[in-house]
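Architecture and fold: a report
Here is how the chains run, residue by residue.
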Amino acid sequence: MTRSILTVGRCILRWTLFFGMALSPSYGATNYTISLADPDRHLIEVQVVLPEGPAQRELQLPVWNALYQIRDFAQYVNWIHAKDHAGRPLTLLQLDKSRWQITGSQAGAIIEYEMFVDSPGPFGAEFNSHHAFFNLAQLLMYSTDGRDSSITLRFSRVPSGWRIATPMSSGVDTFVADNYDRAVDSPVEIGDFQESAFEQDGGRYQVIVDAESSDFDMTKISAMLHKIIASATNWIDDRPFERYMFIYHFPRGPAGGGMEHAYSTAIAVNAEVLAKSPEVLASVTAHEFFHLWNVKRIRPQTLEPVDYTRENYTRALWFSEGCTNAAADIIQLRSGLLDERHFEEDLATDIGELERRPAHLTQSAEESSLDAWLEGQAYYRRPERSISYYNKGELLCIALDLAVREASHGQASLREVFQWMNKNYANKHLFFPDSEGVRRAAEAVSHADLERFFAKYVVGTDEIPWDDFFRGVGLHLVTAPTTTADAGFLASRNFDAPMIVTAVTDGSDAQIAGLRVGDTILEINGKPPGEDSSETTARLHPGDAIILKVRARRGVERELKWKVESHEQVSFEIKDVENVTAAQRARRTAWLKGEAESSPQTH
Ligand SMILES: [Zn+2]
């Protein structure tokens, strides 16, 4: 077995010195072994060895992790047993759907359970004959009195030829983490992956790719990473890690998305999308990489400490996700991975996406953050019910950037806001008080009162007066009625769940063809559906045929066919104002670089 990461961290040395092969139970530490038992049936066995401690303890399997959704990982636990070190059974009493009480564990205990593991994607846990990819919170139970103590993790029955990659520190034959939270923030890839490593400005980076070798070019990926890393660390002026790992999956089936971690990211992009639109990979990578600051270290107080047993409500996802999008744009603009024209086109598309959802007048950015936990529900995703905190949050951050520039006469920008939050919260190991914390940072760097901005656009649902914000950089928003294709329905998928029809227009040909809300879409025009039906329908023209293979709520599978209709909608474009002045042009250049106009003030 080749270990992918060799570390020289202090804790590794301690562990190897004291415990050598680290096979004996270590006092204070909880030792986990994940056995790759049966790839064909997607079964793993987990052994948890608890140290000496209280006679009665509780074991919890998280109900959620990272994605703000209750996923109840306990549904996949086939069986669970407990015994002492002599092999005598211990009493294990189930307390609720995800918690067990163990009695007689004063000298330690061994808990073993079997899990079905077949959720693909960067948010999931998957084990099959090709590879294993684990988000460990989905697999590892913790003792509720020992979440802060160190853990060791071993893998057994690893198929021959498979290697292990994880950002977790590695000992002789174990991986180690200071505590449970740190361990479960470390994804694990096990398989016959391809890898590459490089150093840049003192940081060490490892790239792990699980894909057909003909589907990607490691040299191009490394070149892209060099740009993103340089641009991001320079923009925020910090590198709070020594090493960082990028784990990529490029499957040929449906895939998309990334998951941020403090020292790594896991990203999936469909192989065909990667080939046709490599900018998608740059965009997801810039987003997930910037998350190592924004959300992992610049972190809302309301998400700490993590409570794995229930929803963790925060009003700040508009900032943690949306402003990560805005920062990712700046990172790409600064490194030449994105140009002004595409940035402005994307921005106009984002404005259109918000404006076209009636819920933008009823659901605020903060409310959308709280309601993240409803995103798994098909009805919730309807345009009259919800907006996206990614979408509104990104727009708010772009507006905030412009507002800070205006208020500070070009002395400060979003960059200074992030740097202030990084210095005053993250680097002091403090969490920020949600939207209020963002406001404090923006006011500190702009020396202005931004209460109205936050009251109207973050807490409230006022329309964002774009032209007021854009004026300083010589742009304005142009709207025009356009005729656009209308397939007559909306459908979306929630991560690895099937695509569900969420809306069918009354009287439309889709409705006449027999499509109903709640139907499951198996294929759109002969292809498996992506994340959202608009990915396919946006490419259709009025009069084109659309063929849907659907499964109705009652379980009947059938094919529906109709012709795409048209409807009037407002299109959005961002254009230069007439006679752009030299001052506006200078401000725009600074804005697109993510920099203040004059040298930033020292704080
Ligand atoms: Zn994100």
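Residues numbered from 1 in each chain as written. Predicted model: local features only at pLDDT ≥ 70, side-chain atom pairs only at ≥ 80, totals over all residues. Heavy atoms only, no water.

Considering the coordination of the zinc ion
Surrounding the zinc ion are the protein donor atoms His-287 (NE2), His-291 (NE2) and Glu-321 (OE), which sit 2.0 to 2.1 Å from the metal. Binding-site remark: the zinc ion is held by donors from one chain whose sequence spacing is H-x3-H-x29-E. The two residues His-287 and His-291 agree in class, both being buried. (Donors = N, O, S within 2.8 Å, 3.2 Å for Na, K, Ca; no water. Buried < 20%, exposed > 50% of the residue type's maximum accessible area, 1.4 Å probe, protein only.)

Considering the domain arrangement of the protein
Split into domains, the protein comes out as domain 1 (10–191), domain 2 (193–281), domain 3 (293–472 + 579–603) and domain 4 (481–570). One C-alpha centre belongs to domain 3, the other to domain 4, and the line joining them spans 32 Å. If you look at the interface, domain 3 gives seven residues, while domain 4 gives 10 residues. With both chains or domains summed, domain 3 and domain 4 bury close to 640 Å², and 50% of this area falls on carbon and sulfur atoms. The largest per-residue losses of area from domain 3 upon contact with domain 4 belong to Arg-356, Arg-381 and Arg-382, which jointly make up 64% of the total buried on that side. Joining domain 3 to domain 4, the criterion identifies zero salt bridges. When the residues that make up the side of domain 3 that touches domain 4 are grouped by side-chain class, the tally is two nonpolar, one polar and four charged. (Domains from an automatic or database assignment. Contact = heavy atoms within 4.5 Å. Buried area = accessible area lost by both parts, 1.4 Å probe. Salt bridge = Lys/Arg side-chain N within 4 Å of Asp/Glu carboxyl O. Nonpolar A, V, L, I, M, F, W, Y, C, P; charged D, E, K, R; others polar.)

Structural notes on the packing of aromatic side chains
How two aromatic rings sit relative to each other is set out by the distance from centre to centre and by the angle between their planes. By the definition in use, this model includes 43 aromatic pairs. If you follow Arg-297 out to its NZ or CZ, it ends over the ring of Tyr-263, 4.8 Å from the centre. (Phe/Tyr/Trp six-rings, centres within 6.5 Å; stacked < 30°, edge-to-face > 60°. Lys NZ or Arg CZ within 6 Å of the ring centre and 35° of its normal.)

Observations concerning the pattern of salt bridges
One pass over the full model with this rule turns up 27 salt bridges. Linking Asp-84 and Arg-88 is a salt bridge whose minimum nitrogen-to-oxygen distance equals 3.0 Å. Exposure remark for Asp-84: the relative accessible area of 13% places this residue in the buried category. Look at Arg-88 and you get exposed, because its relative accessible area is 54%. Across the pair Arg-440 and Glu-436 runs a salt bridge whose closest N-O atoms are separated by 3.7 Å. Of this pair, Arg-440 and Glu-436 both sit in helix α11 (residues 434–446), four residues apart, which is roughly one turn of that helix. Because the salt bridges share partners, they merge into one network encompassing Glu-436, Arg-439, Arg-440 and Glu-443. (Helix = DSSP H or I, 4+ residues; strand = E, 2+ residues; numbered from the N terminus.)

Thoughts on unusual backbone geometry
For the peptide bond that leads from Glu-304 to Pro-305, omega is -15 degrees, which places it in the cis range. Following the sequence through the fold, Pro-305 ends up in the loop between α5 (278–290) and α6 (317–335). Phi is positive for His-42, which is not a glycine, with a value near 60 degrees. Of note, His-42 is situated in the loop between β1 (30–38) and β2 (43–50). You can call His-42 buried: its relative accessible area is 18%. Backbone geometry at His-447 places phi at a positive 55 degrees, although glycine is not the residue there. Along the chain, the position of His-447 falls in the loop between α11 and α12 (451–459). Here His-447 falls in the exposed class, since its relative accessible area comes to 60%.

Quick look at the nonpolar core
Note on soluble globular proteins: their nonpolar side chains tend to be buried together. One finds Ile-34, Phe-134, Tyr-248 and Phe-289 to be the most contacted residues of the largest nonpolar core, which totals 144 residues. Dropping the residues within four chain positions of it, Tyr-248 is found in contact with Val-207, Ile-208, Val-209, Asp-210, Ile-221, Met-224, Leu-225, Ile-267, Leu-281 and Thr-285. Of all hydrophobic cores here, the second largest spans 17 residues; its members include Ala-491, Ile-524, Val-550 and Trp-562. (Core = buried A, V, L, I, M, F, W, Y, C linked by side-chain atoms within 4.5 Å.)

Here's the deal with the side chain of Asp-329
If you trace the backbone, Asp-329 turns up in helix α6. At 13 Å, Arg-405 is the nearest oppositely charged side chain to Asp-329, a buried residue that forms no salt bridge. Contact partners of Asp-329, with chain neighbours within four places excluded, come to Leu-338, Phe-343 and Glu-394. (Lys, Arg positive; Asp, Glu negative; His and termini not counted.)

Considerations on the sheet that holds strand β19 (residues 243–249)
Two strands in a sheet stick together by hydrogen bonds in their backbones, pointing the same way (parallel) or opposite ways (antiparallel). In spatial order, the strands read β17-β18-β19-β21-β20; together these five strands make up an open sheet with mixed pairing. Two strands close off the open sheet at either side, each with one partner strand: β17 (194–200) and β20 (256–260). Looking at each pair of strands side by side, their axes are set apart by 15 degrees on average, direction ignored. Examined bridge by bridge, strand β18 (residues 203–210) and β19 share seven bridges and lie parallel to one another. Looking at the pairing, Val-207 lines up with Phe-246 of β19. Of the strands in this sheet, β18, β19, β20 and β21 (264–269) are in contact with α5, which crosses β21 at around 155 degrees. (Pairing = 2+ DSSP bridges. Axes fitted to C-alpha atoms, helices over the stretch in contact; angles between N-to-C directions.)

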